[in-house]
Each structure stands twice: as C-alpha cells, then as structure tokens.
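Working through the structure, step by step
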Amino acid sequence: MRIYFIRKTWSKAHDCRALLCALVVLQSGSAYADEAAIKAITRAAEVYGTDTISKLKQLKVEESLYRYMQGQSGHVEEGSHSLVLHRYKQQLEIDFAAKSKSFKRSDENLIGNYGYHSLVTLDRRYLNGKGMKIDHCMQTYQPSTRMSWDSVAPNMEQSVDTLIIKELSDNRADVSSGGVSYIQGHAHTVLNWTINQVRKTAYIGSASGLLSRLITKKNEIATRYDFLGHTHNDQGLTWASQTIVSQEHKPTLHVTERVVTQSASIVPLVLKPDGYKLSDNDTFLDFAQASVNEVAKGVFLVGQGWGFTLFVDIGTSYISVGSWQMNKDTFTWQHRLNKLDQYLGTHKPVSQFIVTHHHDDHLMGLNEVSTHGAKILLMAEHQKAVEASLEQPLTPKNSALLHDGMMLANNQVQVFDVPSSHADHNLVVYLPKQKVVFAEDMFGSSLETGFHSPNSWPSRDVYYRAQVLNERLKELGIQAEHFVSSHHGRVLSKDEFTELVNLSCPKNHVLINRLYAR
C-alpha cells in the first residue's frame, strides 16, 4: 500500500526523471561490458600487429605438428585399437587484397599399422570465389564448389592466435566481455562471440594482451586451443610457436613449430598447375537401399551402405563371411540373411561363418551369427577377440579352427591367410568353381568407374594391401574373375582389380617437390 501511495503522489515529471535514470544505469552497464571487450581487443591488436597485417598484402604461416588419434591395431595381441600418430608439415598463404588462399600439407604416418606408403599430400587453393583441389599423386586438379574462403585450410586457422586476434579486431562490434579468468596465475579477459554458427570464447591476458586459450563450440562439440611460446619478429608480428588442440580433455594436435611472416608483394596464385589435367568426375554408387547381387551362380552379396555380407550356397545351407557393422546400424547380418531369403523365396540356414580378422567392427555381428546357430570358423589367433565380442567362451560345438590353405564344404570354399599392415592375420575366401575372391579391408571402390586416388589416408595403405593380396594370389596360382569386398557393393572384374593394383604414387621426395612447386 505504501508503494502505491508514493507512486500516486509523484508527479509525471518526477516519474520521467526516474525512468531516465534507470535507463542510463542499464545502458552504462552494457557500455561497460562493451568497453571491457574493446579495451582487451585493442590491446591484443597492438601486441599482435593486426593493423600491420591489414595494411600489407600477404600473410604466410608455416608449421610442423603432430596429430594423435585412435586407429585399428595391426596385431591381434594389441586388441582392436591402438595409437596412430601423424606428422604434418603445412603452409598457409593468404593474400588479403586478392582474396586468395593457398593451403599445402604433407602428412606422414609415424605410428600405426600402415605399409611402406608413409606420406600423402593435400593442396587446396581459392581465388576469386573459386576453389580447387590438387592431387600431386595423380597430377590432376578438381574444382570444388563446396570450398569457401573460411574452409580452405581445414581447421588450421583456428589454431593460429594471430589470425584469431585479427578476427576479433574485424568483428569487435559483435564481441562481448565474459568477465575475468585466471590462467597460470595471470588474469585474463574472457571474450565471447559467434561467427559462422560457431560459438567462440577467447582468453586474453589482461596485462600481456596475448591469447592464451580459445574454446570453440559447434554442434555441441567443444574444441580447446592452448597457445604457448609466444614470439615476435621485426615486422611487428606476434604469434604462439606452439599450440595444443584437444577435445574431451584429450590432445588431438600439437603444433611444435610455427613461423608467421608477411610481405607487401606475392606471386599471384595459380589455380591449375602446369601440366596437370582435370580429374574425372567421381560418381559415387548409391547403396542407400538394401540390395542383393548374385555375383556368380549360388554366390550372393547382400548389403547396404558400407557393409556387405557374402553368402555361398553349398547345398542344404550357406557358408557366410562378412558381418561388418557399427553400433547404430539397422541392416545387420541377420537382416541381410532375411533379405536374401525374401529375394530367393527360400528359407535356407547358414551352417558356417568365417571370421577374417580381429577388428571389432568386423566382429560386432557375431552375436546374431551365434544366435542363428551357425558354427563360427576362425584362426586360433582370433579366438580371444571373438570371445570378447561374444562375451562368452567358444566351444567345439559352436566353433572350429581354420588354418592357411584349408578347404571347406567338399572343396567348394578355400581360405588362405594374407598378413599385411592392416592385420597380422587376415583370412581371404576363394571359391574355386565360381572364381570369386572375397576379402575385408584389402581393396574396393565406391565409384561407378575408376578408383579413389591413392593420395589419401587410408586409401594409400589400401593400395598397399591390394598389392600384397595380388602377390599372394600369384603365388597360389589363383586366377580369380570376381573380386568382392565387405565394404563395397561394386564387384571388381579381373581387369579392374589389375588396374587398381597398378595405381601408385611416386616416391615421397617427388610428392614433396610437386607440392611446393608453384
């Protein structure tokens, strides 16, 4: 009641003055937050020399880094997965005046189950709104309509603190202050902004003006960048010589060396290297729907997307191989068998299933195989991995051991072991009557015609595995006519397999020379 009484006795003029004061207070708070952000950005821009960058034409970033990731193990005793380590050497050139970018990377495998092919290259160029991808292995170029100014250098620019400060400076009107945080005992101003649907938070030293940390968040995935070893040159540029990139508290990248330079002139970027030809259009095969393909009489390939199973009619039952699947897959091994029954109008059981190697993605479907009642055939080396996948021990009733060169089903099916970089034991199935070879993780193509370039991971190592398989086929005197993979709906002919095996990249030093030639 008292508040009501006071409100009623004030004059209109008094009310207006009170409302105006309240608005001033609110606006001053907002202004204070903006001023804190602008003050931090201005200080950082001075330290990093972003005004100098804007005035000159070109910025060049060169760095060496390690990439840490989980991969599949090459030896069964390691379990299904192991550490993979790659070393990158990469270079980014930006011409702000010409709106051009050039990104080059050499990617060398240091730790992991790969063969003698240890290096691939990446070359991406952008000029006048047009993107180009260069393949120095096949000496081809391919226009890219999906490439943009922001996507030329895959994730590299986020790890360069100099470029982050320039981005902050260019977008300062959209940046807000998020308070103060302490890193290594030093106060840091926290800045928040969003660009290209990526939420970003920067931590800038309140006294030093140096960027210590950046956190980006897109599609609920947070990535953290920690910047170390700040240095500068006589051009007035500052940068962190090291950067640690992490996700879910695990390091993924470690930049160990970085140099940033600039110049007032630059050789104009060329989208198409001399002597290179336009690459063929890659038309991918569509296996979005479940399919049944009779490869040869009584031999059926059933699958969808990235997973296919072979069923071989041996009379009263089938022998099957290939149970690849991932956690969320719905067209699993049993569904593939049901699809085959529907296609043929029959209901024939699978009596035996062959395990090729120890990786968990090729063992995941074994529970359905076991429930169906098929006997699991495997090498002794794979027994622990299979039992771990089934979560129960194998018995003589539900399993049997295989060995290299063994014949099954009255000589209708043969298995032989082809060790390679991918797995120390990997069984390949051969059907002598139909001249069909079935293998997992050794060859394949997802294209209607032609093959994927060897100049990419893991494709380059797949070509090595195909060569190992080809040598073993020659050794055994096998003249196959059909080459079937558990990951590809496309079945290769003998000539196509030969073409695949003969694809290769030049030696590493040749690739490097091509990469850095203009």
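The structure reproduced in this document is the subject of the present report. From a predicted model like this one, the values you see are computed outputs, not experimental measurements.

Notes on the side chain of S102
Here S102 is to be found in strand β3 (residues 100–111). Among all residues touching S102, those that are not within four sequence positions of it are Q91, L92, E93, R124, R125 and L269.

A few points about unusual backbone geometry
Within the chain, E391 stands out as a residue other than glycine whose phi angle is a positive 60°. On the secondary structure map, E391 appears in the loop between α7 (383–390) and β21 (399–401). The exposure class of E391 is exposed, given its relative accessible area of 73%. Of note in this structure, D441 is not a glycine but carries a positive phi near 65°. Take D441: it is sitting in the loop between β25 (436–439) and α8 (459–476). Under the relative-accessibility criterion, D441 is labelled buried at 11%.

Here's the deal with the environment of M132
With respect to the secondary-structure elements, M132 resides in strand β5 (residues 130–135). For the pair M132 and P432, spaced 300 residues apart in the sequence, the C-alpha separation amounts to 46 Å. Dropping the residues within four chain positions of it, M132 is found in contact with D123, R124, R125, Y141, Q142, P143, S144, M147, L271 and K272.

Thoughts on the packing of α8 against helix α9 (residues 494–502)
When two helices pack together, their arrangement is given by the angle between the helix axes and the distance between those axes. Relative to each other, α8 and α9 sit at 125°, their axes nearing to 9 Å. In terms of orientation, α8 lies oblique with respect to α9. At the point where α8 passes α9, the crossing takes the left-handed sense. Packed against α8, whose contacting residues are Y463, A466, Q467, L469, N470 and L473, the element α9 presents F497, L500 and V501 at the interface.

A word on the sheet that holds strand β26 (residues 482–485)
Taken together, the six strands give an open sheet; going across it, the order is β22-β23-β24-β25-β26-β27, and neighbouring strands pair in mixed fashion. Only two strands of the sheet have a single neighbouring strand rather than two, namely β22 (407–408) and β27 (488–493). Note that strand β24 (residues 427–431) and β25 share three bridges and pair antiparallel. Paired with Y430 across the strands is V437, a residue of β25. The sheet contacts of α9 involve β26 and β27, and relative to β27 the element is tilted by about 95°.

A look at the packing of aromatic side chains
Applying the stated criterion to the full structure yields eight aromatic pairs. A ring pair is formed by F311 and W333, whose centres lie 6.2 Å apart and whose planes are at 40°; its orientation type is tilted. Taken as a pair, F311 in strand β17 (residues 307–313) and W333 in helix α5 (residues 333–344) lie far apart in primary sequence, 22 residues in all. Measuring from centroid to centroid gives 6.3 Å for W333 and F353, while their planes differ by 85°, and the two rings are edge-to-face. Here F353 lies in strand β19 (residues 350–354) and W333 lies in helix α5, a separation of 20 residues in the sequence.

Description of the state of the cysteines
Counted according to the given criterion, the structure contains one disulfide. For C137, the disulfide goes to C505, at an S-S distance of 2.1 Å. Note on the C137 and C505 pair: the S-S dihedral is about -105°, so by sign convention the disulfide is left-handed. Taken together, the residues span a long stretch of sequence, with C137 in the loop between β5 and β6 (140–144) and C505 in the loop between α9 and α10 (508–516) at a distance of 368 residues. With respect to class, C137 is no different from C505; both count as buried.

Side note on the environment of P268
Among the structural elements, P268 can be located in the loop between β13 (250–263) and β14 (277–278). Note: C-alpha distance between P268 and T52 (216 residues apart in sequence) is 21 Å.

Some points on the pattern of salt bridges
Enumeration according to the criterion identifies 14 salt bridges in this entry. Across the salt bridge formed by D461 and R465, the nearest N and O atoms sit 2.8 Å from each other. Residue D461 and its partner R465 are located together in helix α8, separated by four residues, close to a single helical turn. You'll find D461 and R465 in the same group, each marked buried. The closest approach of N and O atoms between R472 and E475, which form a salt bridge, is 3.5 Å. Here E475 and R472 lie together in helix α8, a separation of three residues that amounts to about one turn. Looking at E475, the relative accessible area reads 60%, which means it is exposed.

A word on α8
Taking 1.5 Å per residue, 18 residues should reach 26 Å; α8 reaches 26 Å between its end C-alpha atoms and fits that length. Three or more residues of α8 are buried, namely S459, R460, D461, Y463, Y464, R465, A466, Q467, L469, N470, R472 and L473. Once α8 finishes, G477 follows within two positions and takes phi at roughly 70°, a positive value.

Here we look at the environment of E46
With respect to the helices, strands and loops of the structure, E46 is situated in helix α2 (residues 12–48). A relative accessible area of 56% means that E46 is categorised as exposed.

Quick word on the sheet that holds β21
With mixed pairing, seven strands are arranged side by side in an open sheet as β15-β16-β17-β18-β19-β20-β21. Looking at which strands have only one partner, the edges of the open sheet turn out to be β15 (291–296) and β21. On average, adjacent strands in this sheet sit at an angle of 25° to one another, irrespective of strand direction. Sheet analysis places strand β20 (residues 375–378) next to β21, joined by three bridges and oriented parallel. Opposite L378, over in β21, you have L401 as the bridge partner. On the sheet, α5 packs against β15, β16 (299–304), β17, β18 (318–321) and β19 and is oriented at approximately 50° with respect to β17.

Rules behind the numbers
- Note that residues are indexed from 1 along each chain, following the sequence as it is written.
- In keeping with the predicted nature of the model, local features appear solely for residues at pLDDT of at least 70, side-chain atom pairs appear and are counted solely at 80 or more, and the whole-chain, interface and lining totals rest on all residues.
- The basis for the side-chain values is all heavy atoms of the structure; hydrogens and waters are excluded.
- Each helix is a run of DSSP H or I of at least 4 residues and each strand a run of E of at least 2, with the numbering of both proceeding from the N terminus.
- Contacts: residue pairs with any heavy atoms within 4.5 Å of one another.
- Burial classes: relative accessible area under 20% of the type maximum marks a residue as buried, over 50% as exposed, and values in between as partly exposed (1.4 Å probe, protein chains only).
- Lines fitted to C-alpha atoms define the axes here, with helix axes fitted over just the stretch in contact, and angles between the N-to-C directions of these axes take values from 0 to 180 degrees.
- Each angle receives one of four descriptions, namely roughly parallel if under 35 degrees, roughly antiparallel if over 145, roughly perpendicular if within 65 to 115, and oblique otherwise.
- In this scheme the crossing of two helices becomes right-handed for a clockwise turn of the near helix relative to the far one and left-handed for an anticlockwise turn of less than a right angle.
- Between any two strands, at least two bridges found by DSSP are needed for them to pair.
- What counts as a ring pair is set by centres within 6.5 Å for rings of Phe, Tyr and Trp (its six-membered ring), and what kind of pair is set by the plane angle: stacked under 30 degrees, edge-to-face over 60, tilted for all other angles.
- Count a disulfide wherever a pair of cysteine sulfur atoms falls within 2.5 Å.
- One speaks of a salt bridge when a side-chain nitrogen belonging to Lys or Arg is within 4 Å of a carboxyl oxygen belonging to Asp or Glu.
- Expected span of a helix, by definition, is 1.5 Å for each gap between consecutive residues, and there is one gap fewer than residues.

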